[in-house]
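Fold and contact review
Given next are the chains, with one letter for each unit.
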Amino acid sequence: MSNTHESAWNACLKVIKDNISLQAFKTWFEPIIPVKLEDNILTIQVPSHFFYEWLEENYITLLKKVIQKELGPEGRLEYSIVMENNSTNSTPYTVKLPALNKKELKNAPVSMPLNLNENQIRNPFIIPGLKKVNVESNLNPSYSFDNFVEGDCNRLARASGFAVANKPGGTAFNPLLIYGGVGLGKTHLAHAIGISIKNQFPNKTVLYVGSEKFAHQFIDAIKNQSTNDFIHFYQMIDVLIIDDVQFFAGKEKTQDVFFHIFNHLHQNGKQIILTSDKPPVEMQGMEQRLLSRFKWGLSADLGAPELETRIAILEKKMYGNGIELPKDVVEYLAYSINTNVREMEGALNTLLAQASLNKKAITIDLAKQMVDKFVKNTAREVSIEYIQKVVCDYFDLPIEMLKSKTRKREVVQARQIAMFFSKKMTKSSLANIGSHCGGKDHATVLHACRTVLNLSETDKQFKVYLEDLEKKLTIQ
Ligand code: ADP
Ligand code: MG
């Protein structure tokens with residue numbers, strides 16, 4: 001039997017090392033410092049409260065065995081914890097905690113202090129008023145799988161979400177990370193998974209939370225000295241859905257606490273679903289250990305939907321609201337707004353509102369006006385031909401004139417404007433633009449662009465033309 005705390009602990013470590021993975025050993029046992037051995041009680045110092053809990057939760061049996069092997073059947077373990085949130089006073093605070101098994105620990109009268117100045121010790125396992133069944137899932141019932149239109153753009157994400165929903169925690173997709181640009185359905189899909197799980201497994205605790213909210217809750221918990229409650233709350237969730245995790249970037253403490261919650265849930269076979277606006281490789285300001293965990297399961301991306309899918313989404317939405325629209329209007333909307341589903345839905349709503357407010361029939365013209373007025377410039381590349389057409393329509397010129405070599409004043413100006421916008425809005429070379437506009441060379445195009453710029457600075461009316469045209473070109 002050992003007689004100093006160091007030798008006793010070293011002997012324990014030897015056995016522990018043989019029984020767990022090297023990674024786990026490095027993470028959870030190397031940072032421990034033995035402090036004393038008195039009356040068969042070995043005191044070890046651990047870096048944080050969380051650390052202590054983790055040991056108790058995950059290594060209690062092993063610890064008990066090695067302590068008893070080393071110190072005899074009366075051997076006990078106590079923890080000394082260096083409190084985290086107190087940089088001015090870093091004196092280790094000792095709590096005498098017998099190593100108990102999980103069940104005993106839950107009922108144990110002693111527990112961890114919440115801060116150094118508090119003599120009153122509160123049991124973190126008892127959160128007043130909090131029962132498992134009380135957890136509000138925060139799921140939006142209209143974001144269901146039924147309402148989520150499938151397309152090439154979302155097939156993988158949808159299918160993996162579906163698999164996860166049927167077997168939460170039981171697939172290789174843990175965590176499931178859904179990523180993609182704004183308004184492409186990440187939040188919708190995340191809710192759909194949660195709703196489906198709730199329907200199939202009513203006893204599972206499902207929680208949807210935005211990462212921003214999570215971060216705020218954590219800050220509040222620090223302020224109120226209730227980080228334990230916070231951690232325990234999240235650790236008892238069966239299916240945790242965190243939306244927009246990219247928001248954690250640069251927030252070290254939040255990442256830290258999330259890391260621990262993540263580990264706990266994952267180790268216990270709980271399902272984690274995350275969404276992000278970018279894939280893990282592109283997330284900056286995120287801790288490496290967290291990023292590597294994000295990659296453990298499956299990352300599935302949501303792309304921008306194809307035209308057919310956009311039409312189907314609009315139709316589904318109309319059907320859901322009992323609305324009917326002329327087919328050409330639906331197609332026009334789907335065609336004009338091609339990057340973002342949320343914006344497309346917004347356009348539909350605006351159109352409906354306009355029509356009912358002004359008691360107008362919904363026609364393609366109304367749709368065009370509305371898109372002109374309300375929809376933000378969508379990043380679609382226009383072609384030289386298209387620019388020429390819009391410019392000619394605007395000045396009421398036949399397009400052949402613009403393409404010809406004529407030097408008529410009105411035509412020259414329209415042609416210069418078309419060149420100017422072609423240079424500004426397409427990736428075409430000057431030479432290519434010139435060849436489309438009456439077979440001019442690149443120097444002529446450059447000259448045209450300068451002339452247009454100059455005129456727009458000196459001629460108010462001309463400036464209005466340009467602004468009008470630009471609007472038409474960017475919106476259509
Ligand atoms: P994100 O979270 O990616 O920014 P959301 O999930 O909030 O996007 O989606 C924006 C809107 O588009 C929501 O109203 C959502 O219902 C709708 N939407 C997106 N993708 C689809 C889809 N495939 N089927 C039906 N609606 C969709
Ligand atoms: Mg979202």
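These notes cover the structure that comes with them. A quick note: this is a predicted structure, and the numbers were derived from the prediction, not measured.

Near ligand 1 there are 17 residues, and of these Val149, Gly183, Thr187, His188 and Glu345 occur at the shortest range. In this structure, an oxygen atom belonging to ligand 1 sits 2.7 Å away from a main-chain N or O atom of Gly183. The separation between an oxygen atom of ligand 1 and a polar side-chain atom of His188 is 2.6 Å. At the level of elements, helix H7 (186-200) and helix H14 (341-357) are the ones that each hand at least two residues to the shell around ligand 1. Tallied by class, residues from the shell around ligand 1 come to seven nonpolar, seven polar and three charged. Both domains that furnish three or more residues to the shell around ligand 1 are identified here as domain 2 (155-302) and domain 3 (307-379).

Residues Phe214, Leu240 and Phe258 are the most contacted members of the largest nonpolar core, which totals 30 residues. Mapped by element, the contributors of at least two residues to this core are strand E6 (206-210), helix H8 (211-223), helix H9 (227-235), strand E7 (239-243), helix H10 (252-267), strand E8 (271-276) and helix H11 (288-294). No other element matches H10, which puts six residues into this core. Among all residues touching Phe258, those that are not within four sequence positions of it are Phe214, Leu240, Ile242, Phe248, Leu274, Leu290 and Phe294. Core analysis: the next-biggest nonpolar cluster, separate from the first, contains 27 residues, Ile20, Ile32, Leu42 and Leu71 among them.

Our next topic: the side chain of Ser160. With respect to the secondary-structure elements, Ser160 resides in helix H6 (residues 155-166). Judged by relative accessible area, Ser160 falls into the buried class, the value being 2%. One polar contact links the side chain of Ser160 to the main-chain carbonyl oxygen of Ala157, over a distance of 3.1 Å. Setting aside anything within four residues of it in sequence, one finds Ser160 in contact with Phe173, Leu176, Leu298 and Ala300.

In this structure, Pro175 follows Asn174 across a cis peptide bond, with omega equal to 5°. The backbone of Asn138 shows a phi angle near 60°, a positive value even though the residue is not glycine. Residue classification places Asn138 among the partly exposed positions, given a relative accessible area of 34%. Look at Asp244: it is not a glycine, yet its phi comes out positive at around 60°. On the secondary structure map, Asp244 appears in the loop between E7 and H10. What makes Asp244 partly exposed here is its relative accessible area of 27%.

Each value, and the rule that gives it
Residues numbered from 1 in each chain as written. Chains lettered and ligands numbered in written order. Predicted model: local features only at pLDDT ≥ 70, side-chain atom pairs only at ≥ 80, totals over all residues. Heavy atoms only, no water. Near = heavy atom within 4 Å. Polar contact = N/O pair within 3.5 Å; in protein donor to acceptor, adjacent residues only side chain to side chain. Helix = DSSP H or I, 4+ residues; strand = E, 2+ residues; numbered from the N terminus. Nonpolar A, V, L, I, M, F, W, Y, C, P; charged D, E, K, R; others polar. Domains from an automatic or database assignment. Core = buried A, V, L, I, M, F, W, Y, C linked by side-chain atoms within 4.5 Å. Buried < 20%, exposed > 50% of the residue type's maximum accessible area, 1.4 Å probe, protein only. Contact = heavy atoms within 4.5 Å.

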